Structure formats: C-alpha cells, structure tokens
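Overview (structure and organization)
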Amino acid sequence: MNPTYDVAVVGAGIVGAACALEFSREGLRVAVLDKGPIGSGATGASMGHIVVMDDSEAQFALTRYSQILWEELQPDLPPDVEYERCGTIWVATDADELAEVHRKYTYYQDRAVDVEILDSQLLHHAEPHLRTPLAGGLLVHGDCVLYPPRAAGFLLELARRNGAELHLGKPVIALGQGNARLSDGSIFQAKYLINAAGQHAPKLSPGIAIKPRKGHLVITDRYPGYVRHQLVELGYLKSAHKLTADSVAFNIQPRKTGQLLIGSSRQYGSEEARTEPHMISQMLARAAEYIPGVQSLSATRVWTGFRPATPDKLPLIGPWPGDPSVYIAAGHEGLGITTSLATAKIVAGQILGRRSAIPIEPYLPSRKVAEHSHA
Ligand SMILES: Cc1cc2nc3c(=O)[nH]c(=O)nc-3n(C[C@H](O)[C@H](O)[C@H](O)COP(=O)(O)OP(=O)(O)OC[C@H]3O[C@@H](n4cnc5c(N)ncnc54)[C@H](O)[C@@H]3O)c2cc1C
C-alpha cells in the first residue's frame, strides 16, 4: 500500500515548520503533527536572535548559511514576524576580551561576514547606556532578530499554501517503519518521518543524545531606542561552553515593540519549567554590570524554556541509523531559530539526493561524539 504522505513531520516548532515549508516547495505531500499549538516548545520561549557564531567551522557554516536564507526570506516576512536587522555587538570589558574581538574580526572577515571593530568611544556612541569605560566591541552588521513563534507560524502558512496539512493537538507516541502512531491509536503513514520534536526527540527515537538545557528570559516595558543592537558579552561564549555548572551571561535585545528582552541563563538538570528567582537575580545583576540603568527598568514578564542540547553542540540532521524511514532534525540548542532554514535545506537535500551548499557530515546523527558529552 502506498503511504498517504511523502513526509510526516513531528513538531511544529521552528525546525519542523522550516522542514514542512521546504518539502512542500518541492511538491511533496506533507503532514505536520504537533501535540500542542505552533511554537509551543523552545521556539515560543526563545529570544529570536539570528546570529552567526564561530565556535567551530561546522557551527559557522550552518549559522551563516541559515542567516543568508533568512535574509532571502525577509522581503516576504509579514510585519508581525518583527524581523529587524539590528546587528550584534559583542562587548569586550578588558584587554583579553579585546584580543578576542580582534580574533573574531579576522575570522569573520576571512569568511566575508560584514564586521567592524568598535573602540571604547565608538562603543559608547553606539550604545550610550552601556557603562563606561569598556574596552570596545565587535559589531556584526548582518545579525538580526525576529519573533520566533510568529516566524514558525508564517513558515507553516507558506507550507499550507503549498498543500501541507497541519494537525495540532496530536501527540505522537511512536515513530518508525513509515508510521507515526498517535495517542488516539490513529496512524499517519509516510515514506519519510522527520523527528523535529526538539527536546522530546529522544522519546520518539530512543538513543538520541539530546538533553534539555533550561534558560530564563525577562522582558521589560517599552523603552524605544534604549538599546539599539543585540548586545552580548564576550563571556557569553564561556557560559555557553560550560557543560556542568549553571551559568548566566549578559545578553540584551531590542524588540521592535520597544521592549527589551534580557537573558540569559543556562542550566542542566533543572527540568521543571518554573522560574527560579536566584537565576533571575543573577541574570539581572549581570546585565546591570554592563548597563547600570537596567535596574530602574520595569519588567513585565519572566519565563523559561528548554534548549535541546547535544553533547558536541551541533544539531542532529539526517537519517537515523537503523530505520531508513526516519530522519532527525533536532538538537539545535541555543541556535535553532537561526539554523532552522539551513536544517530544512539539508534534510530535503538528503531525501531528494541533492548536493548540499555546505558539508553535512558534522551534523549527521551517525557521527561519533566524544564521551565527555553533557556531563
Ligand atoms: C531561553 C532561550 C533562548 C533562546 N534564544 C535563541 C536565539 O536567540 N536564537 C536562536 O537561534 N535560538 C535560540 N534558542 C534556541 C531555540 O529556541 C531552539 O533551538 C529551537 O526553538 C528549537 O526548535 P525545534 O523546532 O527543534 O524545537 P521546539 O520549538 O521545542 O519544537 C518541538 C515541537 O515538537 C512538539 N512535540 C514534541 N514531542 C512531540 C510528540 N511526541 N508528538 C507531537 N509533537 C511533539 C512540541 O510540542 C514542539 O512544538 C533559545 C532557546 C531558549 C530556551
């Protein structure tokens, strides 16, 4: 019997949405299944910073490729996606961090990313609310921000215009052999099954090394122009690298609404969604070290979300060994909004036998990952 669909995508987060759009553009029959509403996982909890990162060549390749795809999509994005090309400033507090600014500058310039070094004065001019003196910063012009749940919704709207079906409120309890089995006993049959279930991906494909990494965010009242770029401390990289201890880093984002989104924290082992006052205090204290005035701003909401983290900080994109019908598109940690579009291109290319724009080996689920892993 022929399956009803060419592709069944589990997950209507940003990654599943991007995959659904890519497959539907190829004329495939697509069904998207989610146990909740669109963007109800990490996507709805995220900051929406579309950022080029250089932790590794593989991370750079995926973030840069995806950022270019977002730029290409930008003219079609409706206003409520709140896409804004505000750029990122990586803020350096001392000579060591300034040396890192120069290293990053060279790395990005060598790879045709538009970057600029800001000395102490230029930094102050660009962001007058930052404390003085600071050593300087690196301005990455092409980084941008958007509103993730709306972006996912829009990608799915485009997919539906191409004929994709969206089935919300449908928990999938088993995935394999061309079948997505739902909790009500019904089955969606598809030639290919895409596991885009984010932090829950291991429940459907046991053995996947993804763990939830909790993060807190705070959003303020409207203060238009208070901050003009996404500001991130260079110590953010150290925080993101820590595999065991809880950590916070200064990361603040201007929203199109005039609100400021303040992050960020990272925790393993804290799997309840409740907000933790000590983490919020640490986060705000860190923010105040960079922007003293932040303490007098009014916050309107605090929430948490879970990044789907892998041991080597790269997502899993590609066929799942042992079941030729299953492909994984999960484990994007703190970069899934950025890297969703490239992920979808890669998975579609794998299924359709097309050459990828970037090497895909670093993301294959079959890759060997060092044992030190999540800790
Ligand atoms: C605090 C925070 C800040 C972040 N900031 C950024 C940022 O600035 N930039 C960036 O690029 N990334 C950021 N991220 C990371 C980003 O949010 C994630 O990497 C991304 O959202 C992952 O998308 P996803 O579609 O894989 O997973 P999710 O958004 O979690 O979607 C998975 C979907 O699968 C569904 N699902 C799960 N299991 C089942 C099942 N059994 N049956 C049916 N449906 C199921 C869920 O309901 C969910 O809707 C941040 C994350 C957090 C938590």
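Residues numbered from 1 in each chain as written. Predicted model: local features only at pLDDT ≥ 70, side-chain atom pairs only at ≥ 80, totals over all residues. Heavy atoms only, no water.

Some remarks on the pattern of salt bridges
As enumerated under the stated definition, the model contains 18 salt bridges in all. Salt-bridge contacts for Arg103 lead to Asp54; the nearest nitrogen and oxygen are separated by 2.9 Å. Placement of Arg103 in helix H4 (residues 95-110) and of Asp54 in the loop between strand E3 (49-50) and helix H3 (57-73) is noted, with a sequence separation of 49 residues between them. The exposure class of Arg103 is partly exposed, given its relative accessible area of 37%. Note on Asp54: relative accessible area 8%, which makes it buried. Ionic pairing is found between Arg286 and Glu289, a salt bridge with its closest N-O pair at 2.7 Å. Linking Arg286 with Glu289, this pair stays in helix H9 (residues 277-290), spanning 3 residues, or about one helical turn. Residue classification places Arg286 among the partly exposed positions, given a relative accessible area of 23%. (Salt bridge = Lys/Arg side-chain N within 4 Å of Asp/Glu carboxyl O. Helix = DSSP H or I, 4+ residues; strand = E, 2+ residues; numbered from the N terminus. Buried < 20%, exposed > 50% of the residue type's maximum accessible area, 1.4 Å probe, protein only.)

Topic: the nonpolar core
Judged by nonpolar contacts, the single largest core of 53 residues is most densely connected at Phe23, Trp70, Leu155, Ile194 and Tyr363. Of all the secondary-structure elements, those providing two or more residues to this core are strand E1 (5-10), helix H1 (14-25), strand E2 (30-34), H3, helix H6 (148-161), strand E11 (187-195), strand E18 (326-330) and helix H10 (336-352). If sequence neighbours within four positions are ignored, Ile194 has contacts with Val7, Ala8, Val9, Val10, Cys19, Phe23, Tyr327, Ala329, Val347 and Ile351. The next biggest cluster of nonpolar side chains, apart from the first, holds 26 residues, and it includes Leu118, Val227, Phe250 and Ile291. (Core = buried A, V, L, I, M, F, W, Y, C linked by side-chain atoms within 4.5 Å. Contact = heavy atoms within 4.5 Å.)

Side note on the state of the cysteines
For the structure on display, the rule yields 0 disulfides. The closest cysteine sulfur to the non-disulfide-bonded Cys19 is located on Cys144, 19 Å from its own sulfur. Considering cysteine sulfurs only, Cys144 is the nearest to Cys86, which forms no disulfide, with 7.3 Å between them. Residue classification places Cys86 among the buried positions, given a relative accessible area of 11%. (Disulfide = S-S within 2.5 Å.)

A word on the site of the ligand
Of all residues adjacent to the ligand, which total 36 residues, the nearest are Asp34, Thr43, Val172, Glu333 and Thr338. One of the backbone nitrogen or oxygen atoms of Gly48 is found 3.3 Å away from an oxygen atom of the ligand. Between the ligand and Val172 there is a distance of 2.9 Å, counted from a nitrogen atom to a backbone nitrogen or oxygen. Summarising the interface, the protein chains cover 96% of the accessible area of the ligand, which totals 1000 Å² for the free molecule. (Near = heavy atom within 4 Å. Polar contact = N/O pair within 3.5 Å; in protein donor to acceptor, adjacent residues only side chain to side chain. Areas by Shrake-Rupley, 256 points an atom, 1.4 Å probe, with all protein chains shown as cover.)

A short note on the pairing of strand E15 (residues 259-266)
Taken across its 8 residues, E15 has 8 buried, putting it largely inside the fold. With 3 bridges connecting them, strand E12 (residues 211-222) and E15 associate as antiparallel partners. Bridged to Ile219 within E15 is Leu261. Taken together, the 6 bridges between strand E14 (residues 247-254) and E15 define a ladder with antiparallel strand orientation. Within E15, the residue paired with Pro254 across the bridge is Leu260. (Pairing = 2+ DSSP bridges.)

By themselves these figures say nothing about function.
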